[in-house]
Amino acid sequence: MTTFLGMPTASPTAHLRTGESFPDAARTGLTDSQQRHNLRVATTTIREKRAGVVAELDDWEQLRAAGAAIKDATLAELPDHLERFEAAVTERGGTVHWARDGDEANAIVTRLIQATGETDVVKVKSMATEEIGLNEALATAGITATETDLAELIVQLGDDRPSHILVPAIHRNRSEIRDIFRDHMDDVDPGLTNDPEALAGAARLYLRRRFLSAKVAISGANFGVAETGTLCVVESEGNGRMCLTLPRTLITVMGIEKLVPTWRDLEVFLQLLPRSSTGERMNPYTSMWTGATEGQDFHVVLLDNGRTATLADPHGRSALRCIRCSACLNVCPVYERAGGHAYGSVYPGPIGAVLSPQLTGVKDNPSLPFASSLCGACYDVCPVAIDIPTMLVHLRAEVVAAKREEHRVPTAEAASMTAAAWTMTSRRRWTAALRSLSLGRVARRMPALPPPLSSWARSRDLPQMPRETLRDWWVREGGDVPPAAPEENA
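Along every chain, residues carry numbers that run from 1 in the direction the sequence is written. Reporting of local features is limited, given that this is a predicted model, to residues whose pLDDT is at least 70; pairs of side-chain atoms are given and counted only at 80 or more, and all residues count toward the totals for whole chains, interfaces and linings. Remark: hydrogens and water are excluded; side-chain values derive from all non-hydrogen atoms of the structure.

Draft legend 1. Region of interest: the overall build of the chain. What the chain contains, in helices and strands, is 24 helices and 10 strands. Overall, the chain is about 85 × 55 × 50 Å in size when its C-alpha atoms are taken along their principal axes. Summed over its atoms, the accessible surface of the chain is roughly 23,400 Å², and 55% of this surface lies on carbon and sulfur atoms. In DSSP terms, a helix is any run of H or I states spanning at least four residues, a strand is any run of E spanning at least two, and both are numbered starting from the N terminus. Here the open area of atoms and residues is found with the Shrake-Rupley method and a 1.4 Å probe, where only the protein chains shown may cover a residue.

This is the structure we're talking about:
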């Protein structure tokens, strides 16, 4: 794997994969009835809000097309835009650092913080830093990072993992959050209730002390503007504004795909993002800054971590359009039932099923492309029109090809697919196979099917096979039968 720097990089690190496959992790999620209830309530609410505000716009489909076109045009000339961005940031007093992978990014951020002499930092929500495991890297260096987004704080205090892109603690209910605050928050009222206002008040007091004392802040970026070097963070609580203005050192970690060419391009995305993510017409807090401001020491870390490898795949690069809105998660029947932790990545849901395997390589995430029913709901709601179902099929083919390279002896699945292909290429063989399926009426009464069918049938109900095939019915009713192909007469 290589980067724009023309140098090899290690496989992406940290929170993009686990040792557990999706099917195994999903079984755990399916048994958690409280989590399934929480997810059903939360995703249903967000879906309904989104549908309402999207319906208000007559030009929503045109906005989607514009967002997709801007992203594709940017990705097509990404090296040039990155150089323009670096020049603009540097001209305005900032410093740009290039990180080929998560290890390099973590080392850069750690070094910058150590140079200040500080050991405590505040963070505004950043998927990129979650992706590379920055908090863990800082802890190893003796630096404590406090998440200031409320949901991220809940996850951090509970020693938990995010399960949603927009609402990382979506799997927790109010009573669980109250217990986490009581057990892990300094000076919290022991009589704290699960009332949302009381919980928000407790978090506000806890975080305000850290905002006022922190000398270093770490942020992500929703967008970067190449022509001016501007960075943009959108959030709903005001924590981003506190992180970006109060500390004297600001370090931003941004994935290289977050760039847009011009300031005007933001107009499209600042309409698409809030409607698709929180179901709002506009975002409550939109913070933009250009270079070093008010005496701050400002740094930008441009993160690759598998993105250029994704860009090199013509079938998969459109995943880099993603603006992290989470709309695809909120409509996905698989995500709603299995939960975000089942994906083993900081990017769960449909977008995670395509993005994570591309960032790590399908060999490291072979089960995620299959974590979908291919219903297409994710494509319908994506604000930048990422065709996730088609991409999943492409990645499934890559997984099969990778397994074929590793296993000289065909697996049971591969042998079954080869036999199916051989059968379907002949009308005579296919007709005979269809007639033999009537035996399925007998198989349905069996307590279990023999291997390798047993693993397939373990999570599926076998359909009731008809007594007569459609082809036989067609002939019996006097339908025309096309002549056999020449090779079938041979």
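Back to the write-up after that little detour.
Draft legend 2. Molecular detail of the side chain of Thr 360. By secondary structure assignment, the location of Thr 360 is in helix 16 (residues 349-360). Here a polar contact is recorded for every N or O atom pair within 3.5 Å, except that within protein the pair must consist of a potential hydrogen donor and a potential acceptor, and residues adjacent in sequence are included only if both atoms are side-chain atoms. Within polar-contact distance, the side chain of Thr 360 engages the backbone oxygen of Ser 356 at 3.0 Å.

Draft legend 3. Fine view of the sheet that holds strand 7 (residues 249-255). Here 6 strands make up an open sheet; going across it, the order is 1-10-7-4-2-3 and the pairing parallel. Edge positions in the sheet fall to strand 1 (95-99) and strand 3 (144-147), since each has one partner strand and no second. Strand after strand, the sheet turns through a mean of 25° between neighbouring axes, direction not considered. Here, two residues are considered to be in contact whenever any of their heavy atoms come within 4.5 Å of each other. Every angle, taken between N-to-C directions, lies between 0 and 180 degrees, and every axis is a line fitted to C-alpha atoms, over only the stretch in contact when it is a helix. The strands touched by helix 4 (residues 78-91) are strand 1, strand 7 and strand 10 (297-303); relative to strand 1, the strand with the most contacts, the crossing angle is about 145°. On top of the sheet, helix 5 (residues 102-116) reaches strand 1, strand 2 (120-123), strand 4 (216-219), strand 7 and strand 10; it is set at about 145° to strand 1, its chief contact. One requirement defines pairing of two strands: DSSP has to find at least two bridges between them.

Draft legend 4. Inspection of the packing of aromatic side chains at higher detail. A pair of Phe, Tyr and Trp rings is counted when the ring centres sit within 6.5 Å of each other, with Trp represented by its six-membered ring. The angle between the planes then sorts it: under 30 degrees is stacked, over 60 is edge-to-face, the rest tilted. Counting across every chain of the model gives 5 aromatic pairs. Centre to centre, the rings of Trp 289 and Phe 298 are 6.4 Å apart; their planes meet at 80°, and the pair counts as edge-to-face. Summarising the burial analysis for this pair, Trp 289 and Phe 298 share the class buried. Plain terms: the ring middles of Tyr 335 and Tyr 343 are 6.4 Å apart, the flat faces sit at 35° to each other, and that makes the pair tilted. On the accessibility criterion, Tyr 335 (0% relative accessible area) is buried. Among the aromatic residues, those joined into a cluster by ring pairs are Phe 22, Tyr 335 and Tyr 343. Only protein chains enter the accessibility calculation, which uses a 1.4 Å probe; a residue is then buried when its area is under 20% of its type maximum, exposed when over 50%, and partly exposed in between.

Draft legend 5. View of the environment of Ser 326. Among the secondary structure elements, Ser 326 is positioned in the loop between helix 13 (307-311) and helix 14 (327-331). The exposure class of Ser 326 is buried, given its relative accessible area of 3%. As for Ser 326 and Gly 349, which are separated by 23 residues in sequence, their C-alpha atoms are 8.3 Å apart.

Draft legend 6. Just the nonpolar core, in detail. Definition used in this section: a nonpolar core is a set of buried Ala, Val, Leu, Ile, Met, Phe, Trp, Tyr and Cys residues joined via side-chain atoms within 4.5 Å. Core analysis: the largest hydrophobic core is formed by 100 residues, its most contacted members being Phe 85, Phe 181 and Ile 351. Ignoring any residue separated from it by four or fewer positions in sequence, one finds Ile 351 in contact with Ile 165, Ala 319, Cys 322, Cys 328, Leu 329, Ser 356, Ile 386 and Ile 388.

Draft legend 7. Geometry of a nonpolar patch on the surface. Taken together, Leu 470, Trp 473, Trp 474, Val 475 and Val 481 make up a surface patch of nonpolar side chains, about 530 Å² in accessible area. Along the polypeptide, Trp 473 turns up in helix 23 (residues 470-476). In this analysis, a patch consists of residues with relative accessible area above 30% that form no salt bridge, clustered at 9 Å for like charges and at 5 Å for the nonpolar side chains Val, Leu, Ile, Met, Phe, Trp and Tyr. Here, a salt bridge means any side-chain nitrogen of Lys or Arg that lies within 4 Å of a carboxyl oxygen of Asp or Glu.

Draft legend 8. Up close: unusual backbone geometry. One non-glycine residue, Asn 305, adopts positive backbone phi at about 55°. Relative to the elements of secondary structure, Asn 305 occurs in the loop between strand 10 and helix 13.

Draft legend 9. Highlighting the packing of helix 16 against helix 18 (residues 388-406). Between helix 16 and helix 18, the shortest axis-to-axis distance is 10 Å and the interhelical angle comes to 40°. Judged by the angle between their axes, helix 16 and helix 18 are oblique. Read as a crossing pair, helix 16 and helix 18 show a hand that is left-handed. On the side of helix 16, the interface is formed by Pro 350, Ile 351, Ala 353, Val 354 and Gln 358, while helix 18 contributes Ile 388, Met 391, Leu 392 and Leu 395. Put simply, angles under 35 degrees are roughly parallel, angles over 145 are roughly antiparallel, angles from 65 to 115 are roughly perpendicular, and the rest are oblique. Crossing handedness is read from the near helix: turned anticlockwise from the far helix by less than a right angle, it gives a left-handed crossing, and turned clockwise, a right-handed one.

Draft legend 10. The arrangement of the pairing of strand 6 (residues 230-235) in detail. Across the 6 residues of strand 6, 6 count as buried, placing the element largely inside the fold. Of the two faces of strand 6, both are covered, the one formed by Thr 230, Cys 232 and Val 234 as well as the one formed by Leu 231, Val 233 and Glu 235. In this antiparallel pair of consecutive strands, strand 5 (residues 223-225) and strand 6, the connection spans 4 residues, and Gly 229 shows a positive phi of 75°. Where strand 6 meets strand 9 (residues 285-290), 6 bridges bridge the pair, whose relative direction is antiparallel. Bridged to Val 234 within strand 9 is Thr 286.

Draft legend 11. Broad picture of the sheet that holds strand 8 (residues 259-260). Here we have 4 strands laid out as an open sheet, ordered 8-5-6-9, and mixed in their pairing. In this open sheet, the two strands that pair with only one neighbour each are strand 8 and strand 9. Where strand 5 meets strand 8, 2 bridges bridge the pair, whose relative direction is parallel. Counterpart to Gly 224 in the pairing with strand 8 is Leu 259. Here helix 12 (residues 266-277) sits on the sheet in contact with strand 5, strand 6, strand 8 and strand 9, set at roughly 170° to strand 5.

Draft legend 12. How the structure looks around the state of the cysteines. Two cysteine sulfur atoms form a disulfide, by the criterion used here, when they sit within 2.5 Å. On inspection of all chains with the given rule, the structure shows 0 disulfides. Its sulfur unpaired, Cys 325 is 6.2 Å from the next cysteine sulfur, which belongs to Cys 382. Overall, the relative accessible area of 7% leaves Cys 325 in the buried class.

Draft legend 13. Layout of the pattern of salt bridges. Tallying each qualifying case throughout the model produces 18 salt bridges. Put simply, Arg 27 and Asp 24 hold a salt bridge, and the shortest N to O gap is 2.7 Å. Residue Arg 27 and its partner Asp 24 are both found in helix 1 (residues 22-30); the two are separated by 3 residues, about one turn of the helix. By relative accessible area, Arg 27 is classed as partly exposed at 42%. Residue class for Asp 24 comes out partly exposed when judged on its relative accessible area of 39%.

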